[in-house]
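Results of the structural survey
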There are 2 protein chains.
Amino acid sequence: MKALIVLANEKKEGSFCHALADMAKRTLRDAGYEVILRDLYAEHFDPILTHEELSLSGDEVSGELRAEIEQILATDLFVVIHPNWWGMPPAILKGWIDRCIRQGFCYAFTADGPVRMLEGRKAIVFTTGNTPQEIEVSVNHDPLDNLWKNIVFKTVGIDDCVRMNIASLIMSTPQQREQWLLEAKAELEKLL
Amino acid sequence: MKALIVLANEKKEGSFCHALADMAKRTLRDAGYEVILRDLYAEHFDPILTHEELSLSGDEVSGELRAEIEQILATDLFVVIHPNWWGMPPAILKGWIDRCIRQGFCYAFTADGPVRMLEGRKAIVFTTGNTPQEIEVSVNHDPLDNLWKNIVFKTVGIDDCVRMNIASLIMSTPQQREQWLLEAKAELEKLL
């Protein structure tokens, strides 16, 4: 089984997102998964979907982009980790979605209707934020829940998407953060 | 009065987003506005908010980023134009939000609560998509409406944000698109 962890945090190391990624990597390896960890900031991922790239037919998609897509197609379990910036992922991760969750490979529209090409996979999304969860829901309408579950993963056929929002990070103690890591691990283990 | 048009479309020219931007520029100039049009793709805007940039104190923000922020602070009317990609703006525009709608300049959190520093300005957002509007609302929960009105512009004090979604572009005729441009112009003129 293969797992792909996609991490987008502006720090080089030491963030709570990094701690979540390390926990996920260890947990998945212990469970026998082959794990790839993509730290989009560390690798200077280019988030810009250009007109040229968007216009390529399926056969023409090559090189780095084809490798990105094949990595996705080979994945059984997706783990996405990022801070909540304006109810959305950081731009670097938004661009990973724009470029790599590509029509014709991950989903398609045909005369018979939409085709969801990643059915049977699973996904878990960990987001971190400073807005307390009850305000994120009542005032902001928790946009990340809709974006990841209903817009991104449902489109490609993954109805089985779990999301855990961790907040408020800025107001938390080290003990609280340790507890969140345990809870995150437990959520991940439910999918294994 | 000053208007800032922020355009994010992957094409160099000829897109319906470009037609909307041209219409907005002409309409605003005719109404006496000083207009700046930012075509983020054309200028290869860098959407990556780095840890270093995020960590700068207010006094330290300089150069290109300070110019970006001052452009925003000088704006009376914002016009945002982009396609709907996964219920969000393209990454290049997401990064413009991440970097330029900056805490300490556009909004702040103080001991007395949040401060919204762009009060009194206006905003209009034109989005384009291929999903028919009724499906965008019923199935996708129209995330861009929440993101722009409730998350981005409300945070900085602009409660007076109008959004017009134009869909389905892929199924439209030239006559329909001409009609949409007229409707978009009418929506913009209501704000003048």
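Residues numbered from 1 in each chain as written. Chains lettered and ligands numbered in written order. Predicted model: local features only at pLDDT ≥ 70, side-chain atom pairs only at ≥ 80, totals over all residues. Heavy atoms only, no water.

**With respect to the overall build of chain A**
Along the backbone of chain A there are 7 helices and 7 strands. Taken over the C-alpha trace, chain A has a radius of gyration of 17 Å; the compact-globule value for 192 residues is 16 Å, and the two agree within 12%. Across its three principal directions, the C-alpha atoms of chain A cover 50 × 40 × 30 Å. Counting across all 192 residues of chain A, residues that qualify as buried make up 55%. Excluding contacts between residues fewer than 6 apart, the proportion of contacts in chain A whose partners are at least 24 apart in sequence is 79%. Surface summary for chain A: the accessible area is close to 8600 Å², and the carbon and sulfur share equals 51%. Side chains of chain A give 20 positive and 29 negative charges; the mean places of these two sets differ by 3 Å. (Helix = DSSP H or I, 4+ residues; strand = E, 2+ residues; numbered from the N terminus. Rg over C-alpha atoms; globule rule 2.2 N^0.38 Å. Buried < 20%, exposed > 50% of the residue type's maximum accessible area, 1.4 Å probe, protein only. Contact = heavy atoms within 4.5 Å. Areas by Shrake-Rupley, 256 points an atom, 1.4 Å probe, with all protein chains shown as cover. Lys, Arg positive; Asp, Glu negative; His and termini not counted. Charge placed at Lys NZ, Arg CZ, Asp CG, Glu CD.)

**Re the confidence of the model for chain A**
Predicted confidence across chain A gives a mean pLDDT of 97, with 100% of residues reaching 70 or more. Two numbers describe this predicted complex: its pTM, 0.98, and its ipTM, 0.98. (pLDDT = per-residue confidence, 0-100.)

**With respect to the nonpolar core**
The tendency in soluble globular proteins is for nonpolar side chains to be buried side by side. Grouped together as the largest cluster of nonpolar side chains are 76 residues, with contacts concentrated most on A:Trp96, A:Phe153, B:Trp96 and B:Phe153. Contacts of A:Trp96, omitting those with residues within four sequence positions, involve A:Leu4, A:Val6, A:Arg38, A:Leu40, A:Phe45, A:Glu68, A:Ile72 and A:Ile101. (Core = buried A, V, L, I, M, F, W, Y, C linked by side-chain atoms within 4.5 Å.)

**With respect to the pattern of salt bridges**
In the structure shown here, the tally under the stated rule is 28 salt bridges over all chains. Note that B:Glu52 and A:Lys12 form a salt bridge whose closest N and O atoms lie 3.3 Å from each other. Residue B:Glu52 is found in helix H2 (residues 51-55), and its partner A:Lys12 is found in the loop between strand E1 (2-7) and helix H1 (16-30); the two belong to separate chains. By relative accessible area, B:Glu52 is classed as partly exposed at 45%. Between A:Lys149 and A:Asp145 there is a salt bridge whose closest N-O contact spans 3.4 Å. On the criterion of helical spacing, the pair formed by A:Lys149 and A:Asp145 is a turn pair, its members being 4 residues apart in helix H6 (residues 143-156). Put simply, A:Asp142, A:Asp145, A:Lys149 and A:Arg163 are held in one network by salt bridges that share partners. (Salt bridge = Lys/Arg side-chain N within 4 Å of Asp/Glu carboxyl O.)

**Considering the environment of A:Val125**
In this structure, A:Val125 sits in strand E6 (residues 122-128). The spatial distance from the C-alpha of A:Val125 to the C-alpha of A:Ile151 is 13 Å, given a sequence separation of 26 residues.

**Focus on the interface of chain A and chain B**
Listed per partner, the contact involves 35 residues of chain A and 35 residues of chain B. Across the chain A/chain B interface, buried area totals approximately 3000 Å², and carbon plus sulfur atoms make up 70% of it. Contact with chain B buries surface across chain A, with A:Trp86, A:Met88 and A:Lys94 losing the most and accounting together for 26% of the total. One can count 2 salt bridges joining chain A with chain B. Between chain A and chain B we count 14 residue pairs in polar contact (both at pLDDT 80 or more) in total. No other element matches H6(A), which puts 7 residues into the side of chain A that touches chain B. Taken together, the residues of the side of chain A that touches chain B break down into 20 nonpolar, 9 polar and 6 charged. (Buried area = accessible area lost by both parts, 1.4 Å probe. Polar contact = N/O pair within 3.5 Å; in protein donor to acceptor, adjacent residues only side chain to side chain. Nonpolar A, V, L, I, M, F, W, Y, C, P; charged D, E, K, R; others polar.)

**A closer look at the packing of H6(A) against helix H6 (residues 143-156) of chain B**
In a pair of packed helices, the angle between the axes and the distance between the axes together describe the arrangement. One can describe the packing of H6(A) onto H6(B) by two numbers: an axis separation of 11 Å at closest approach and a directional angle of 160°. Between H6(A) and H6(B), the interaxial angle falls into the category roughly antiparallel. Considering only the axes of H6(A) and H6(B), their crossing is left-handed. Side by side, H6(A) and H6(B) meet where A:Pro143, A:Asn146, A:Leu147 and A:Ile151 of the first sit next to B:Pro143, B:Asn146, B:Leu147 and B:Ile151 of the second. Counted by class, the contact of H6(A) with H6(B) contains 6 nonpolar, 2 polar and no charged residues. (Axes fitted to C-alpha atoms, helices over the stretch in contact; angles between N-to-C directions. Parallel < 35°, antiparallel > 145°, perpendicular 65-115°, else oblique. Left-handed = near helix turned anticlockwise from the far one by under 90°.)

**Topic: helix H4 (residues 91-100) of chain A**
Counting along an α-helix, one turn takes 3.6 residues, and residues three or four places apart therefore face a common direction. For H4(A), the tally of buried residues reaches 10 of 10 residues, placing the bulk of the element in the interior. Along H4(A), the residues classified as buried are A:Ala91, A:Ile92, A:Leu93, A:Lys94, A:Gly95, A:Trp96, A:Ile97, A:Asp98, A:Arg99 and A:Cys100.

**What to know about the side chain of A:Asn140**
Secondary-structure assignment places A:Asn140 in the loop between helix H5 (133-138) and H6. With a relative accessible area of 15%, A:Asn140 lands in the buried category. A polar contact is formed between the side chain of A:Asn140 and the side chain of A:Glu136, at a distance of 3.0 Å. Residue contacts for A:Asn140: discarding those within four places in its chain leaves A:Thr131, A:Ile135, B:Asn146, B:Asn150 and B:Ile151.

**Focus on the sheet that holds strand E6 (residues 122-128) of chain B**
Residues and elements named next belong to chain B. Strand order in the open sheet formed by 5 strands is E2-E1-E3-E6-E7, and the pairing between neighbours is parallel. The open sheet is flanked by strand E2 (34-39) and strand E7 (161-166), the only strands paired with a single partner. The average undirected angle you get between the axes of adjacent strands in this sheet is 10°. Looking at chain direction, E6 and E7 are connected through 6 bridges and run parallel. (Pairing = 2+ DSSP bridges.)

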